[in-house]
Amino acid sequence: MKRVLSPYISGDVLEVGAGIGATSVMLSNNKQCSWTCLEPDTKLLKRIEERFVSHPLPIPTRVVEGTIENIPDGARFDTILYIDVLEHIPDDQEQLRMAGNLLKKNGRIIILSPAHQWLFTPFDDAVGHFRRYTKRALASLAPGAALNVEKLLYLDC
């Protein structure tokens, strides 16, 4: 995952649903200017804050409680990450519209999510997934001319 995603992650980064910070630690490097972790779960938020106290990222890092609506007005990002998160959000299309409004010019939204709705199982339901995606289904979420699909691929099939 790191090898495939890292070339696309640069500048000011927003990680939506940062969990305990494992993805932040894995993907952050000297190509970014800042990293903002957004997490709505207060228990996970506490864990990510503790992690960054003992193991800080190599760049300025901020932890924000809540959802994308909690990002301060005027904040803009070069990269927005949804790593195993978008499938947990009921209105995924609206979520990506809001994310698109937070992008700087030539910014990127990177999405990693479970593939193929036909593989949806009771496990998906138990962990709060609303759906799985095909390339076509994910591409259809791009809000009009605001976002261009740069690359779609199945990773870790």
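Please refer to the structure placed before this passage.
Residues numbered from 1 in each chain as written. Predicted model: local features only at pLDDT ≥ 70, side-chain atom pairs only at ≥ 80, totals over all residues. Heavy atoms only, no water.

Chemist: What's the story with the sheet that holds strand β2 (residues 32–39) in this structure? I'm lost.
Modeler: Whether parallel or antiparallel, the strands of a sheet pair through hydrogen bonds between backbone atoms. Strand order in this open sheet of 5 strands is β3-β2-β1-β4-β5, and the pairing throughout is parallel. Of all the strands in the sheet, just β3 (61–65) and β5 (103–112) have a single pairing partner and so form its edges. Within this sheet the neighbouring strands show an average axis-to-axis angle of 20°, counted without direction. On the sheet, helix α3 (residues 42–54) packs against β2 and β3 and is oriented at approximately 165° with respect to β3. (Pairing = 2+ DSSP bridges. Helix = DSSP H or I, 4+ residues; strand = E, 2+ residues; numbered from the N terminus. Axes fitted to C-alpha atoms, helices over the stretch in contact; angles between N-to-C directions. Contact = heavy atoms within 4.5 Å.)

Chemist: What am I meant to see in the layout of surface pockets here?
Modeler: Rolling a probe over the atoms, with the probe sized like a water molecule, indicates the empty space that remains. One number sums up the size of the largest pocket: a volume of about 1,200 Å³. Along its surface, the largest pocket is lined by 40 residues, and Ile 110, Ile 111, Leu 138, Lys 151 and Leu 152 are the ones closest to its centre. If you list the elements that add at least two residues to the lining of the largest pocket, you get α1 (2–5), α4 (92–101), β5 and α6 (135–139). Of the residues forming the lining of the largest pocket, the biggest block, 9 residues, is contributed by β5. Among the residues forming the lining of the largest pocket, the class breakdown is 25 nonpolar, 7 polar and 8 charged. Lining of the second largest pocket is provided by 15 residues; of these, Gly 17, Glu 39, Pro 40, Val 85 and His 88 occupy positions nearest its centre. Across the lining of the second largest pocket, the residue classes break down as 7 nonpolar, 5 polar and 3 charged. (1 Å grid on protein atoms, 1.4 Å probe; cavity = no way out; pocket = protein on both sides within 12 Å on 5 of 7 lines; lining within 4 Å. Points joined across faces, edges and corners; volume = space filled by probe spheres on them. Nonpolar A, V, L, I, M, F, W, Y, C, P; charged D, E, K, R; others polar.)

Chemist: Would you explain the pairing of strand β4 (residues 77–83) in this entry?
Modeler: Regular strands place side chains that alternate from one sheet face to the opposite one. Within β4, 6 of the 7 residues are buried, leaving the element largely enclosed by the surrounding structure. Examined bridge by bridge, strand β1 (residues 11–16) and β4 share 4 bridges and lie parallel to one another. Across the sheet, the residue bridging to Leu 14 is Ile 80, located in β4. The sheet contact formed by β4 and β5 spans 6 bridges and is parallel. When the bridges of β5 are listed, Ile 80 appears paired with Ile 109. (Buried < 20%, exposed > 50% of the residue type's maximum accessible area, 1.4 Å probe, protein only.)

Chemist: What is the right way to look at the pattern of salt bridges in this model?
Modeler: A side chain of one charge can pair with a side chain of the opposite charge when the charged atoms of the two come close. Under the defined criterion, the tally for this structure stands at 6 salt bridges. One salt bridge connects Glu 50 with Lys 46, and the closest N-O pair in it is separated by 2.9 Å. In this pair, Glu 50 and Lys 46 are both assigned in helix α3, 4 residues apart and thus about one turn of the helix distant. A salt bridge links Asp 124 to Arg 132; the shortest N-O distance between them is 3.1 Å. Comparing Asp 124 with Arg 132, the two get one shared label, buried. Here the residues in one salt-bridge network are Asp 12, Asp 78 and Lys 104, joined through shared partners. (Salt bridge = Lys/Arg side-chain N within 4 Å of Asp/Glu carboxyl O.)

Keep in mind that these numbers describe shape and distance, not what the molecule does.
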